[in-house]
Amino acid sequence: MTGAKSARPLKVICWQVRLPHRVPASAESLDRRERARAAALPDPQRRLQYIAAHVALRQILGAYVGTSPRRCVLPANPMAARCWNMQRPRISASAIPVGAR
């Protein structure tokens, strides 16, 4: 492999989120938009899944970047209004401490 850059192997980490029986107290970390989205879901099971996933995402990202889960900024995906399955949370660079970028 002369002249070619050697590729670094990717590190993949998978997280499994257990679905709670009721809305956890940690749901307070959700922002106003996430709480409104959850409240708009008519199916209680789907609502609980949404809340659990977003709380877990905030906790995991907060731990990785060294900030509170409440401070993680997850911008809305404009495509989500067209297709629920296309919604993929993203973390804003403003939520990542400068030294961690």
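As the structure is a computational prediction, the values presented were derived from the model and not from experiment.

Structural notes on the pattern of salt bridges
So, step 1. As enumerated under the stated definition, the model contains 4 salt bridges in all.
So, step 2. Of the charged contacts in the structure, one is a salt bridge between R58 and E34, with a shortest N-O distance of 2.8 Å. On the criterion of sequence distance, the pair formed by R58 in helix α2 (residues 44-65) and E34 in helix α1 (residues 32-40) is long-range, its members being 24 residues apart. The same class applies to R58 and to E34, which are both buried.

Re α2
So, step 1. Counted at 1.5 Å a residue, the expected span for α2 with its 22 residues is 32 Å, and the 31 Å between its end C-alpha atoms agrees.
So, step 2. By the burial criterion, the buried members of α2 are L48, Y50, I51, A52, H54, V55, A56, R58, I60, L61, G62 and V65.
So, step 3. One or two positions beyond α2, positive phi appears at G66, with a value near 75 degrees.

A short note on the environment of L30
So, step 1. Relative to the elements of secondary structure, L30 occurs in the segment before α1.
So, step 2. Given a relative accessible area of 4%, L30 falls into the buried group.
So, step 3. Ignoring sequence-local partners within four residues, the contact set of L30 consists of R35, I51, H54, V55 and R58.

Parameters at a glance
- Residues numbered from 1 in each chain as written.
- Predicted model: local features only at pLDDT ≥ 70, side-chain atom pairs only at ≥ 80, totals over all residues.
- Heavy atoms only, no water.
- Salt bridge = Lys/Arg side-chain N within 4 Å of Asp/Glu carboxyl O.
- Helix = DSSP H or I, 4+ residues; strand = E, 2+ residues; numbered from the N terminus.
- Buried < 20%, exposed > 50% of the residue type's maximum accessible area, 1.4 Å probe, protein only.
- Expected span 1.5 Å × (residues − 1).
- Contact = heavy atoms within 4.5 Å.

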